[in-house]
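# Structure at a glance
For reference, the chains in residue letters:
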Amino acid sequence: MNLDLLSGDTPTRNAAVSVFRAKAALRAALEQPRRDGQTIGLVPTMGYLHEGHLSLLRAARAECDLVVMSLFVNPTQFAPGEDLDRYPRDEERDLWLAGDAGADFVYAPAVAEVYPDDFSTAVEVGGPLTEVFDGDPARRGPGHFRGVTTVVAKLFNVVGPDVAYFGQKDAQQAAVIRRMVRDLDFPVRIEVLPIVREADGLAMSSRNAYLDPRDRERAAALSRALGAVERTIREAGSLQAGLDAGRRELAGAGIEPEYLEARDAERLEPVTELGGRPVLVAVAAQVGAARLIDNVLIHT
Ligand code: PAF
């Protein structure tokens, strides 16, 4: 296909999708469907689509009259030194896959369309939700989530979706977005769909593309570790024994986790005992060239 066709403000057809670069054009295209009472589903992505993204698109297609996917590698959620420059990109493939999975519109703005030169506003969810796990200042830090909530708030304002779809793989991101929606009264329902995994258990992620064959094999230890945590918690009834079993599984693959922790799934506060609210056990680790995250939700 001719990518030049995609650089203007006029939507162009690609497979079944119309591509928009400008928010004004997208808003205009959404006006009539909204007036007609059509429901709008939004699937926010940074592209390099995999089955995880496609499962969100298919769910949106099944539930909504009109499906919008955003495709934007959001610079404000990357800290200096992170992988913004090498983040995998393949727009042409993404547009075909999105169309195939049921997207009607793709919003793929340039950075300047989202962040004009004098952009000076941020949307920030405070407190433990953005300070633990990836939000710990020694890790990605709260600035990562400030970047996520700022861009997602902007997408909600541009698209005005009835439903927005996110993946459980980014469990902390989903909790943060739910809180933002509640606190700022966004009239949108948030749907969080299960992690989609490779045959050996590795959670699908655009960043898996960074793994060489040996690290790709080692990376499956993350999901095995979470399985060991869950199994041990159920068998031994002890959170600590579960986390220890998970660490042993990681160590066996030569992986030192940044964290392997259990927290209250909604508030991300520490869990001291089992038997109450759902527990989120999350792991992050550098495996070769890729920083990977994964998690399991345990109903104790
Ligand atoms: O999950 C992602 O891909 C991104 O964090 C999101 C939600 C599209 C915001 O840039």
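The structure under discussion appears in the preceding block.
This section reports on the structure supplied with the text. (Residues numbered from 1 in each chain as written. Predicted model: local features only at pLDDT ≥ 70, side-chain atom pairs only at ≥ 80, totals over all residues. Heavy atoms only, no water.)

## Brief notes about the sheet that holds strand E8 (residues 259–264)
Strand order in the open sheet made by the three strands is E8-E9-E10, with antiparallel pairing throughout. Among the strands making up the open sheet, the edge pair consists of E8 and strand E10 (290–298). Across the sheet, the axes of successive neighbouring strands diverge by a mean angle of 20°, strand direction being ignored. Pairing of E8 with strand E9 (residues 279–287), which is carried by six bridges, proceeds in the antiparallel orientation. Looking across to E9, one finds that Glu261 is bridged to Ala282. Together, E8 and E9 form the strand contacts of helix H9 (residues 239–252), whose direction differs from that of E8 by roughly 150°. (Pairing = 2+ DSSP bridges. Helix = DSSP H or I, 4+ residues; strand = E, 2+ residues; numbered from the N terminus. Axes fitted to C-alpha atoms, helices over the stretch in contact; angles between N-to-C directions. Contact = heavy atoms within 4.5 Å.)

## Describing the pairing of strand E2 (residues 17–20)
The two faces of a sheet get side chains in turn, since along a regular strand they alternate between them. The side-chain alternation of E2 yields two buried faces, one formed by Val17 and Val19 and the other by Ser18 and Phe20. Alignment of E2 against strand E5 (residues 105–107), held across three bridges, turns out to be parallel. Its bridge partner being in E5, Ser18 is matched across the sheet by Phe105. (Buried < 20%, exposed > 50% of the residue type's maximum accessible area, 1.4 Å probe, protein only.)

## Brief notes about the environment of Tyr259
Among the structural elements, Tyr259 can be located in strand E8. Measuring from C-alpha to C-alpha, the distance between Tyr259 and Phe119 comes to 34 Å, with 140 residues separating the pair along the chain. Polar contacts involving the side chain of Tyr259 include one to the side chain of Asp134, which spans 2.7 Å. (Polar contact = N/O pair within 3.5 Å; in protein donor to acceptor, adjacent residues only side chain to side chain.)

## With respect to the nonpolar core
Among the nonpolar cores identified, the biggest contains 45 residues, and Leu26, Val68, Phe156 and Met180 are the most heavily contacted of them. Only helix H1 (23–35), strand E3 (40–45), strand E4 (66–71), E5, helix H5 (142–159), strand E6 (163–167), helix H6 (171–184) and E9 provide two or more residues apiece to this core. Considering every element that reaches this core, the biggest residue donor is H5, with nine residues. Look past the residues within four positions of Val68 in its chain and what remains in contact with it is Leu26, Leu30, Ile40, Gly41, Leu42, Val43, Phe105 and Val159. Judged by nonpolar contacts, the second largest core, of 31 residues, contains Met46, Val73, Val271 and Val283. (Core = buried A, V, L, I, M, F, W, Y, C linked by side-chain atoms within 4.5 Å.)

## Some points on the site of the ligand
All residues adjacent to the ligand are Pro44, Thr45, Met46, Asn74, Gln77, Val151, Phe166, Asp170 and Gln173. Side-chain polar atom of Gln77 to an oxygen atom of the ligand: 2.6 Å apart, as the coordinates give it. Here the ligand, which alone exposes 290 Å², has 89% of that area covered by the protein. Its residues placed into classes, the shell around the ligand shows four nonpolar, four polar and one charged. (Near = heavy atom within 4 Å. Areas by Shrake-Rupley, 256 points an atom, 1.4 Å probe, with all protein chains shown as cover. Nonpolar A, V, L, I, M, F, W, Y, C, P; charged D, E, K, R; others polar.)

## Brief notes about the pattern of salt bridges
For the structure shown, the criterion picks out 23 salt bridges. Residue Asp294 pairs with Arg197 through a salt bridge whose shortest N-O separation is 2.9 Å. Taken as a pair, Asp294 in strand E10 and Arg197 in the loop between strand E7 (189–193) and helix H7 (213–219) lie far apart in primary sequence, 97 residues in all. Using a relative accessible area of 3% as the deciding quantity, one classes Asp294 as buried. For Asp264, the salt bridge identified is with Arg277, shortest N-O distance 2.6 Å. Here Asp264 is found in strand E8, whereas its partner Arg277 is found in the loop between E8 and E9, with 13 residues between them in sequence. (Salt bridge = Lys/Arg side-chain N within 4 Å of Asp/Glu carboxyl O.)

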